[in-house]
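# Close look at the chain arrangement
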Amino acid sequence: MSGYLTGVLVVLAFNVIAAYAVYLPMAAGQLNLGIAGFMAIGAYGAAFLTNEYGWSMLAAVPVASAAAGLVGLVIGFPVLRTHGIYLALATFALGQVIAAVFLNLEVVGGAAGYTLSAYAGPYVVFAAAIGVVLVMLYLSRTRFALYLTAVKSDPTVADLMGISVRGVQVAAFALGAMVAGFGGAFYALHYNFVEAQHFNVLLSVFTVLYVLFGGAQTVWGPLAGAMFFTLAPEALRFGEQWRYAIFALFIILFMAIRPQGLITTSLFQGFRRRSNEASP
Amino acid sequence: MLTQQIINGLMLGAIYMLVAVAFTLAIGVLNFLNFSLPGLFMVGGMATYGFIRIGWPWFFAIGGALFLAALVSLLVERLAYRRGEGAEADVPLVSSLGFLVLLENLMLVQYGSDQQAFPALLPDMNLRVGGLVIGIAQIISLAISVILVAWLSWFLKRTNAGRRIRTVAENRETAQLLGVNIRRLVPQLFVASALLAAVGGVLFAVNYQQVSPWMGEGPGFKGVAAMIIGGMGSIWGSVIGGLLIGFAEVLSITFIGADVVNITVYGLLLLILIVRPQGLLGKPPAREKL
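Let me sum up the structure you'll find in this document. (Residues numbered from 1 in each chain as written. Chains lettered and ligands numbered in written order. Predicted model: local features only at pLDDT ≥ 70, side-chain atom pairs only at ≥ 80, totals over all residues. Heavy atoms only, no water.)

### Notes on the interface of chain A and chain B
Every contact between the two is made by 43 residues of chain A and, on the other side, 42 residues of chain B. Taken over both partners, the interface formed by chain A and chain B buries close to 4,000 Å², and the fraction arising from carbon and sulfur atoms is 78%. For the chain A face of the interface with chain B, the top three residues by lost area are Ile85, Tyr86 and Ile252 of chain A, together amounting to 18%. Viewed at the interface, chain B and chain A are joined by zero salt bridges. The interface formed by chain A and chain B includes two residue pairs in polar contact (both at pLDDT 80 or more). If you list the elements that add at least two residues to the side of chain A that touches chain B, you get α3 (57-79), α4 (84-104), α9 (201-214) and α11 (243-257) of chain A. The element that contributes the greatest number of residues to the side of chain A that touches chain B is α4 of chain A, accounting for 15 residues. (Contact = heavy atoms within 4.5 Å. Buried area = accessible area lost by both parts, 1.4 Å probe. Salt bridge = Lys/Arg side-chain N within 4 Å of Asp/Glu carboxyl O. Polar contact = N/O pair within 3.5 Å; in protein donor to acceptor, adjacent residues only side chain to side chain. Helix = DSSP H or I, 4+ residues; strand = E, 2+ residues; numbered from the N terminus.)

### Some details on the packing of aromatic side chains
For the structure on display, the rule yields 31 aromatic pairs over all chains. On the numbers, 5.6 Å between centres and 90° between planes, the contact of Phe92 of chain A with Tyr266 of chain B is edge-to-face. Placement of the pair is Phe92 of chain A in helix α4 and Tyr266 of chain B in helix α11 (residues 261-275), with the two residues belonging to separate chains. Taking relative accessible area as the criterion, Tyr266 of chain B reaches 2% and is therefore assigned buried. The interplanar angle of 45° and the centroid separation of 4.8 Å between the aromatic rings of Phe204 of chain B and Tyr208 of chain B together place this pair among those described as tilted. Within this pair, Phe204 of chain B and its partner Tyr208 of chain B are both found in helix α8 (residues 182-208), separated by four residues, close to a single helical turn. Taking the relative accessible area as the measure of exposure, Phe204 of chain B reaches 15% and is therefore buried. Chaining the aromatic ring pairs together yields one cluster made of Tyr210, Phe213, Phe228, Phe229, Phe250 and Phe254 of chain A. (Phe/Tyr/Trp six-rings, centres within 6.5 Å; stacked < 30°, edge-to-face > 60°. Buried < 20%, exposed > 50% of the residue type's maximum accessible area, 1.4 Å probe, protein only.)

Quick look at the structure:
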C-alpha cells in the first residue's frame with residue numbers, strides 16, 4: 001500500500017469509529033453534538049496512561065475508552081433530562097467544556113499539545129475500526145437495537161411496554177461516548193500527538209454530518225456516510241481550494257433531493273422484496 | 001479598570017445579542033436551528049471588506065454585504081428549510097451546516113484564509129469619561145444593536161405583521177387556518193434573521209478591525225449559547241443572554257486568562273441547560289422539532 005493510500009484509509013478508519021459513536025445515541029433519538037469531547041477524553045487518557053505510567057496499549061485503550069464512557073454515564077443522567085434541541089445544545093456545550101478543560105491542563109501540555117511515545121500502526125487502527133463495525137452489526141441484531149428504535153420512535157409507548165426509557169437513553173449515550181473514546185485513544189496512539197484544538201465543534205458537527213448523510217435508519221448508514229465524506233474530498237483533490245466548496249454544495253443539494261440519507265430501511269426492503277420475488 | 005471591562009463586555013455582548021436574536025427568530029417561529037447564521041455573520045463582515053477593497057464607499061459596501069446575506073438566506077430557505085419540512089427533523093440542520101461550510105470556503109477561495117485588516121471606518125476618536133476610554137465605534141455599535149432589538153420587539157408586539165409572526169410561532173396550523181400566508185412569511189423571517197446576523201458581522205468587523213473566513217464561528221456559537229441562556233424564542237432573553245456571555249467572556253479573560261473563556265461560557269450554558277432548560281426568560285417547551 002502506498003503511503004498516501006494508507007494515510008487516507010487511516011483517516012477513514014477514524015471517521016468510521018466516530019460515526020458509530022454518533023450513531024448509537026442517534027438511534028435512540030439523541031443528537032450528540034459533543035462527540036469530539038469524548039474523543040478528547042479517550043485520546044488524552046490513552047496518551048497519559050502510556051506516557052506517565054508506561055502502560056501498554058492493550059491496557060491503556062480500554063481504560064481510556066471506559067473513562068470516556070464513564071463521563072458519558074455520569075453526565076448523561078442530568079443532561080438527558082433535556083430533549084431534542086436542548087439536548088443537542090447541552091452536548092454541544094459539553095464538548096466545548098471538555099476540550100477547553102484539556103486546553104488548560106498543564107499535566108498534558110496545555111495549549112502546546114502532548115506528545116506520545118507509544119505507537120499504533122495503521123493495521124492496528126484498521127483492526128480497531130473493523131472491530132467497531134462488527135460490534136455494531138452484532139448490536140443491530142440484538143434486542144438492544146429494538147429498544148433503541150422503540151425509545152426513538154415513541155418514548156411513551158416504549159415506557160408502557162416496560163422498557164426503561166431513561167436507562168436505554170443513558171446506555172446509548174454512554175456507549176456512544178465509549179466508542180468515541182476508543183477512537184480517540186487510537187487517534188492519539190497513531191499520530192503520537194494530541195492537541196485540544198483538534199477536538200473542536202467542527203469535528204463533532206462533521207461526524208454528525210456523516211451519519212445523517214449516510215442515513216441514521218440502518219446500521220450501514222454511518223459506514224456509507226463516513227466513507228463518502230472521507231473519500232469524496234480526496235477524489236475532488238484536482239479542484240484544490242475549490243474542493244470543500246464543491247463538496248458543501250453537493251451536501252446541500254443532496255439533502256434537498258434525498259433528505260432521508262443515502263441508505264434507508266425502505267432501500268433494504270426493496271432489495272428483499274425483489275429477492276423474494278425471484279425465488280418464491 | 002473593572003468599569004472599563006464592563007464596558008468592553010457590554011460591547012461584545014451587544015454583538016452576541018444580535019446573533020442570539022437572529023437565532024431566536026429562526027428557532028422561536030420556525031423551529032429551525034439555522035447553522036448558516038454564523039456564515040451570514042461572516043458574510044456581513046467579509047463582503048463589506050471585499051466591497052471596500054474594490055473601491056466602494058463604505059455605506060454602499062455595508063449595504064451590498066447585507067443584501068448579499070439576505071440573498072443567501074433566501075437560498076437557505078429554499079434548499080435547506082423548505083425541502084426538509086416533510087423529512088426527519090435533523091435534515092435542515094445538516095443542510096444549513098452545509099451552507100456554513102460553503103460560505104466559509106467560498107470566502108477562502110476569494111480572499112485566502114488569513115485574517116485581513118478591516119479599514120477603520122470611523123475616526124479613531126475616544127471619549128474619556130473619568131478615566132474610562134470609550135471608542136466611538138463601540139458607542140455607535142451598541143446604539144445600533146439596542147435600537148434594532150428594541151424596534152424588533154416593538155414590531156413583534158404591536159404591528160399586524162408581528163402578530164402574524166407570533167401566531168405562526170404559537171401554532172402553525174392554526175395560523176394557516178386564520179389566513180396567515182406562511183409561504184410568504186417564512187422567507188421574510190429568513191431575510192430578517194440574516195440581516196440581524198450580518199449587521200452583527202459588520203459591527204464586529206468595524207470594532208475589531210479584522211475579518212477572516214472563520215470569523216463567524218466564535219460569535220455564532222456564542223450567540224447560540226446566549227439564546228439558550230436567555231430562553232429560546234424570547235427576544236429580551238437573548239438580550240440578557242448576550243450581555244451575560246459578553247461579560248463572562250471579558251471578565252474571565254481579565255481575571256483568569258484567555259484559555260478559560262470556553263470553560264466559563266459553555267459551562268454557564270451547560271449549567272443553565274441542566275438547572276433550567278427553558279432558559280432565564282423562556283417558557284417551558286410545549287412542543288419541539290428536531
